[in-house]
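Working through the structure, step by step
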Amino acid sequence: MTGKLKKMISIIAVGFILLTFIKPGQVLAVEGVSLFTPYTGLSATPGETINYSITVINSSPSIKNMSFSVEGLPDGWQYKITADGREIKELSVRGNSEEKISLDITSPLDVQKADYRFSLVASDGNSNSKLPFLISISEQGALASALTSDQANLQGNADSKFTYTVTLRNRTADTQNYALSSSAEKGWGVSFKTGSDSVTSVKLEPNDTQDITVEVTPPEKVKAGTYKIPIKATSGNTSAELELEAVITGTYELELTTPSGKLSTDITAGKEKIVDLVIKNTGTAPLTDVSITAKTPPNWESEFDRSTIPEIEPGKSATVKAKIKASDAAIAGDYVTTFTATAAEKSVDATFRISVKTSTLWGIVAVLIIAGVVAGLYYIVKKYGRR
């Protein structure tokens, strides 16, 4: 082997060894400069702006002057680099010190649901330092408006007021003034509130949201069933719709009367009277644990053969016997007793007029007293009147 050939082999071997230590595409970092933020992977919604607080660390003894850019950001995305509230192009960091900068990343409103990677690049003109980021867009974006609710289905009786919380979001690039409306069936009342104020419209900036309270009142005598309440937010060429749902369990109605419908009777002072009370369920839902009470005049007494009815089905009735005892000292005249039937959902009163008659015994006694007085006068006149 000639000397020239040995020399060529040696050069090739050294070159091969050097190549094993060089990675393709490797970029040298700015000497002594590093970038740091604790949260490099975050989740976001379409159109949302994420703010990163970044520390630029210069661990070298010399001052470093750097410019910044964002590498790999998809089309339509926007970024802004600021320090102390002002947008910056370059930053100077003294040796063995650090500075804070902020990076704002805004995704477009119509972004696709996916993971997006990019890097913040700090350059001194000769080399670069990079800080990688990941943003996961959690939902499919669109240039549109949206009405949503976490609870669009509510249940209650016909006397209930249904209250929903809905969120209106402006996913367009323009400010929108939305008119709020509902196409619920006739008789249903629908109103909108923001906070404590009733509203008919709301104004939203791009990608802004507003929570709206929707109050729904069913019509009188509404039947049990499931009802749809469509609502809509409309502005210019964009709109959003949402269908709320109200489940009516039934109406609660009570009627308290007597078999004849007559709400009056008579009684003798000191005596008892039995009154038949009829409790009717005139609603469309069952009534449970219906209790019966009475409010009588002073010193009167009341008693029922049963004070509670376990259940009364819709359209059915139950009869309770009420025993009323008038006071011994009651004088002749009209008195009022109020009967009350009470369920958890409804109560009703019935006012009875009770006429008190004096006892027959007292009438006989009075007649005898009068007869005695007359007889006494007759005797006195006959015996002493002629003298």
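Described below are features of the structure shown in this document. Note that the structure is a prediction, hence the values are computed from the model and not measured.

What counts and how
- Residues numbered from 1 in each chain as written.
- Predicted model: local features only at pLDDT ≥ 70, side-chain atom pairs only at ≥ 80, totals over all residues.
- Heavy atoms only, no water.
- Helix = DSSP H or I, 4+ residues; strand = E, 2+ residues; numbered from the N terminus.
- Contact = heavy atoms within 4.5 Å.
- Polar contact = N/O pair within 3.5 Å; in protein donor to acceptor, adjacent residues only side chain to side chain.
- Salt bridge = Lys/Arg side-chain N within 4 Å of Asp/Glu carboxyl O.
- Buried < 20%, exposed > 50% of the residue type's maximum accessible area, 1.4 Å probe, protein only.
- Pairing = 2+ DSSP bridges.
- Axes fitted to C-alpha atoms, helices over the stretch in contact; angles between N-to-C directions.

Let us look at the environment of Ser 145. Relative to the elements of secondary structure, Ser 145 occurs in strand S11 (residues 145-148). Taking the C-alpha atoms as reference points, Ser 145 and Gln 176, separated by 31 residues in sequence, lie 9.4 Å from one another. Filtering out sequence-adjacent residues up to four positions away, Ser 145 remains in contact with Arg 169, Arg 171, Thr 172, Tyr 178, Thr 238, Ser 239 and Ala 240. Of note is the side chain of Ser 145, whose polar atom sits 2.6 Å from the side chain of Tyr 178. Within the local environment of Ser 145, its side chain forms a polar contact with the side chain of Thr 238, the two groups lying 2.8 Å apart.

Below, the discussion takes up the pattern of salt bridges. Using the criterion set out here, one finds 10 salt bridges in the structure. Residues Asp 266 and Lys 273 are paired through a salt bridge, measuring 3.6 Å at the closest nitrogen-oxygen approach. A salt bridge links Asp 334 to Arg 353; the nearest nitrogen and oxygen atoms lie 3.6 Å apart. Of this pair, Asp 334 sits in strand S28 (residues 333-342) while Arg 353 is found in strand S29 (residues 347-357), placing the two residues 19 residues apart along the sequence. Classification of Arg 353 by relative accessible area gives partly exposed; the value is 40%. Here the residues in one salt-bridge network are Glu 139, Arg 169 and Arg 171, joined through shared partners.

Take the sheet that holds strand S5 (residues 78-83) next. Spatial ordering of the open sheet is given by S1-S3-S8-S5-S6, a layout of five strands whose pairing is antiparallel. Taken across any chain shown, the strands that pair with only one partner, and hence form the sheet edges, are strand S1 (33-36) and strand S6 (86-87). Relative to S6, S5 runs antiparallel, the two being bridged by two bridges. Residue pairing across strands places Ala 83 opposite Arg 86, the latter belonging to S6.

Glancing now at the environment of Glu 345. Checked against the element boundaries, Glu 345 lands in the loop between S28 and S29. Exposure remark for Glu 345: the relative accessible area of 34% places this residue in the partly exposed category. Measuring from C-alpha to C-alpha, the distance between Glu 345 and Thr 251 comes to 9.4 Å, with 94 residues separating the pair along the chain. Excluding its chain neighbours within four sequence positions, the residues that come into contact with Glu 345 are Tyr 252 and Leu 287.

Moving on, we get to the sheet that holds strand S22 (residues 264-268). Spatial ordering of the open sheet is given by S22-S29-S28-S24-S26, a layout of five strands whose pairing is mixed. Since the sheet does not close on itself, it has two edges, and those belong to S22 and strand S26 (308-312), each with one partner. With strand direction ignored, the average angle separating the axes of adjacent strands in the sheet is 30 degrees.

On to unusual backbone geometry. One non-glycine residue, Asp 84, lies in the positive phi region at around 55 degrees. Among the structural elements, Asp 84 can be located in the loop between S5 and S6. Note on Asp 84: relative accessible area 81%, which makes it exposed. With a phi close to 60 degrees, Asn 207 is a non-glycine residue in the positive phi region. By the element assignment, Asn 207 lies in the loop between strand S17 (201-204) and strand S18 (209-217).

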